[in-house]
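# Structural characterization, general
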Amino acid sequence: MASFPCVHHIEIGVTDGPRVVNILRKNFTFDVVAARNSKVARQWLLRKHDTRYLVTCLKSTQKEQIQKDDYVIDWMDVPNMTRRDYSQEIQRKDSVFNVCLQVDNIDKVLDRLGTYGVRPFKNLKIVSDSSGSVKTCAIKSCVGDVYHTLVEKDKSYRGAFLPDFKEIKCSCDSTKDIFWNKMEKCGDSEVLCSICSNTGDTILCDNERNDRITNLGTDFTKASNTDSTLTSFDHVAFAVEMGKSPEVIEWYEKCFGMRRFLINNEEDDNKGLVLSTDDVGLRLRAMEYWKCAETGLEGPKVDNSKTDGNRLSFVLVEGLPPHPGSNAINQVESWLSQHGGPGINHIALATGDIKSTVGGLKQSGARFANPPPAAYYSEIGRLPDIEKAGEDVGVLRQNGILIDTEANRIGDTEADQKGDATERYLLQIFTEPLLPKDPFFMELIQRVGATGFGSGNVAALYRSVQASIIRKAQEFT
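Residues numbered from 1 in each chain as written. Predicted model: local features only at pLDDT ≥ 70, side-chain atom pairs only at ≥ 80, totals over all residues. Heavy atoms only, no water.

Moving on, we get to the overall build of the protein chain. Secondary structure summary: the protein chain contains 11 helices and 20 strands in total. A burial count over the protein chain gives 55% of its 477 residues as buried. Here the contacts in the protein chain between residues at least 6 apart in sequence split such that 70% fall between residues at least 24 apart. Carbon and sulfur atoms make up 47% of the accessible area of the protein chain, which amounts to about 20600 Å² in all. (Helix = DSSP H or I, 4+ residues; strand = E, 2+ residues; numbered from the N terminus. Buried < 20%, exposed > 50% of the residue type's maximum accessible area, 1.4 Å probe, protein only. Contact = heavy atoms within 4.5 Å. Areas by Shrake-Rupley, 256 points an atom, 1.4 Å probe, with all protein chains shown as cover.)

Here strand E14 (residues 273–276) shows one buried face, formed by Leu-273 and Leu-275, and one open face, formed by Val-274 and Ser-276. Pairing of E14 with strand E15 (residues 281–289) involves four bridges; the strand directions are antiparallel. Residue Ser-276 lies in a different strand from E15, and its bridge partner there is Gly-281. (Pairing = 2+ DSSP bridges.)

Before going further, it helps to spend a moment on the environment of Trp-251. Within the fold, Trp-251 resides in helix H5 (residues 245–256). Its relative accessible area of 14% is what places Trp-251 among the buried residues. Sequence spacing of Trp-251 and Tyr-116 is 135 residues, and the spatial spacing of their C-alpha atoms is 8.9 Å. Those residues in contact with Trp-251 that lie beyond four places of it in its chain are Val-118, Ile-139, Lys-140, Ser-141, Cys-142 and Phe-256.

One non-glycine residue, His-49, lies in the positive phi region at around 55°. As for its position among the elements, His-49 is in the loop between strand E3 (41–48) and strand E4 (51–58). A residue is classified by how much of its surface remains accessible, and His-49, at 39% relative accessible area, is partly exposed. Phi angles above zero are rare outside glycine, and Asp-164 is one such case at about 80°. When you line up the elements, Asp-164 lands in the loop between strand E8 (147–153) and strand E9 (166–167).

To continue, consider the packing of aromatic side chains. All chains considered together, the criterion is met by 15 aromatic pairs. By way of ring pairs, the aromatic residues Phe-238, Trp-251, Tyr-252, Phe-256 and Phe-314 are connected into one cluster. The ring of Trp-75 has Arg-92 sitting right over it, with the charged end atom 5.3 Å from the ring centre. In this arrangement the basic side chain of Lys-140 is found over the ring face of Tyr-147, its NZ or CZ atom lying 5.6 Å from the centre. (Phe/Tyr/Trp six-rings, centres within 6.5 Å; stacked < 30°, edge-to-face > 60°. Lys NZ or Arg CZ within 6 Å of the ring centre and 35° of its normal.)

Pairs may arise between side chains of opposite charge once their charged atoms sit close together. One pass over the full model with this rule turns up 16 salt bridges. A salt bridge links Glu-318 to Arg-283; its shortest N-O distance comes to 3.2 Å. Of this pair, Glu-318 sits in strand E16 (residues 312–319) while Arg-283 sits in strand E15, and the two are 35 residues apart along the sequence. Judged by relative accessible area, Glu-318 falls into the buried class, the value being 2%. Accessibility expressed as a relative area gives 18% for Arg-283, which makes it buried. Residues Arg-367 and Glu-432 are paired through a salt bridge, measuring 3.3 Å at the closest nitrogen-oxygen approach. In this pair, Arg-367 sits in the loop between helix H7 (354–363) and helix H8 (383–389) while Glu-432 sits in the loop between strand E19 (425–430) and strand E20 (441–448), placing the two residues 65 residues apart along the sequence. Looking at Arg-367, the relative accessible area reads 48%, which means it is partly exposed. What you see here is one network of salt bridges that share partners, running through Arg-283, Arg-285 and Glu-318. (Salt bridge = Lys/Arg side-chain N within 4 Å of Asp/Glu carboxyl O.)

Judged by nonpolar contacts, the single largest core of 73 residues is most densely connected at Tyr-53, Leu-150, Phe-238, Tyr-252, Phe-256 and Ile-347. Take this core: its biggest share by element is six residues, from H5. In this structure Ile-347 touches Ile-10, Tyr-53, Val-96, Phe-233, His-235, Val-236, Phe-440, Phe-441, Met-442 and Glu-443, once residues within four positions along its chain are discounted. Membership of the second largest hydrophobic core comes to 18 residues, among which are Leu-282, Leu-284, Val-317 and Phe-430. (Core = buried A, V, L, I, M, F, W, Y, C linked by side-chain atoms within 4.5 Å.)

As a further point, take the pairing of strand E12 (residues 230–240). Two faces make up the sheet, and in a regular strand the side chains alternate between them. When you tally the buried positions in E12, you get 10 out of 11 residues, the bulk of the element. For E12 and strand E17 (residues 343–351), the ladder comprises eight bridges, and the chain directions are antiparallel. What sits directly across from His-235, in E17, is Ala-348. Alignment of E12 against E16, held across five bridges, turns out to be parallel. Along E16, the bridge assignment pairs Phe-238 with Leu-316.

Now for the packing of helix H3 (residues 106–115) against H5. Between H3 and H5, whose axes approach to 8 Å, the crossing angle comes to 135°. One way to sum up the angle between H3 and H5 is to call them oblique. Counting all contacts with H3, which are made through Val-109, Arg-112 and Leu-113, the residues of H5 involved are Glu-253, Lys-254, Cys-255 and Phe-256. Among the residues making up the contact of H3 with H5, the classes are represented as four nonpolar, no polar and three charged. (Axes fitted to C-alpha atoms, helices over the stretch in contact; angles between N-to-C directions. Parallel < 35°, antiparallel > 145°, perpendicular 65-115°, else oblique. Nonpolar A, V, L, I, M, F, W, Y, C, P; charged D, E, K, R; others polar.)

Looking now at the confidence of the model for the protein chain. Model confidence for the protein chain is summarised by a mean pLDDT of 78, while 70% of its residues fall at 70 or above. Overall, residues 80–89 carries pLDDT values under 50, and its contacts beyond four positions in sequence, including any with other chains, amount to 20 contacts. Confidence drops under a pLDDT of 50 for residues 171–222, and excluding neighbours within four residues, the segment shows 109 contacts in the predicted structure. (pLDDT = per-residue confidence, 0-100.)

With that out of the way, let us pick up the environment of Asp-31. Here Asp-31 shows up in strand E2 (residues 31–37). Asp-31 sits in the partly exposed class, given a relative accessible area of 21%. C-alpha separation for the pair Asp-31 and Lys-48, spaced 17 residues apart in sequence, amounts to 6.5 Å.

In this section: helix H1 (residues 17–27). H1 sits mainly inside the fold: nine of its 11 residues count as buried. All of the buried residues along H1 are Gly-17, Pro-18, Val-20, Val-21, Asn-22, Ile-23, Leu-24, Arg-25 and Asn-27. Turning to H1, the residues buried within the fold contact strand E1 (7–14), E2, E3, E4 and H7. By the N-cap criterion, in which a side-chain oxygen at the helix start approaches the backbone nitrogen of a residue two or three places on, H1 is capped by Asp-16, the distance to Arg-19 being 3.2 Å. Looking at the residues trailing H1, positive phi occurs at Thr-29, about 60°. (Polar contact = N/O pair within 3.5 Å; in protein donor to acceptor, adjacent residues only side chain to side chain.)

What follows is the structure, given as structure tokens:
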């Protein structure tokens, strides 16, 4: 479950591109590796191993211009609004909105989608540059503001990301964060750093370079900390309205050949996995795409026995009606209200060493949701599980990391072959909301033979995230 290479990248639409890029770069140690500056948007690709985030910041909200752009989607596009510029009609917000899927035959995928009445939101086109060609289009998901860009790459394509994106190579070493206010082309394939005009091996003379970098900052492209061991996307979680998750699963089953699976042996086939306490009411369902050639989702060949090839997992989270007489605010309903409807609730990133990862990211300025109460790490909490797993309770408590030993789903024969179920567990933690204008957050997860999603910790995790969301809203106000 540690990787799904059929996900080409995940896109974040933001109102303040440099700010979000700097959060990912500085606080979460991503590197900026490519960029694009079109008439309608500025875009940055950030990468950490097999994890790619594309940050998009619109320069124009004119529908005609956006529709003509090869890649850009307005994540706040209102279907029934036809005015050329509607920027004054709605308040712009941030959103993680696009899970881009790499396919081996885009025409075949579109034929399947067409069978179920799904038409491209952005029509199929071929985009080329000196590095090769790709076919691409985009479709609208049945979930809120979620889209799926489809990409089929020519086997000989050798670009850093996609055509028209310029690889960024820079080694300027000044002392403060910088951002490109404009893109300057160098030849046909590179971007000049607007500070040092460096395109890799060629650097200006010291005097000219010093004139540019005075009081402007460190190399924007490179993370400010050592490798955080974040390796890949683990899963994507959608927040949906009450009772809607079966419809979502049916849509993805038809359109992409995904299939539902039971998260663990406590999940009811009809009701899903219900997690209900006095102040938390959640229902979880999950689905996956797993080595299914029929729908043509395809990614780079992965030569790593620890990954699951082309597996892609989506988790659906919905709220439950409150208990009679309860005034508690449901965490999922609150998230939907703040986001403006269904959407991508959180994304889990895999790490091979969560303790060092969290410690390093905290030093880089990353902020995590409030840790659970001290009792969680005691005899009446999870201490027996922690000791059985051989983990250091002090380190877990210090970093607010949670453990889950239920972890495995029904029928996971691969996991069953790895030993006794008590030896399999996962460690996880949630960040605080990441974006300035959206409640999206990330999860870090380390799997030790486990294939589940830590349902035993979901209530505690969502309580801590809800507290962070409320605090952030109060700070904003």
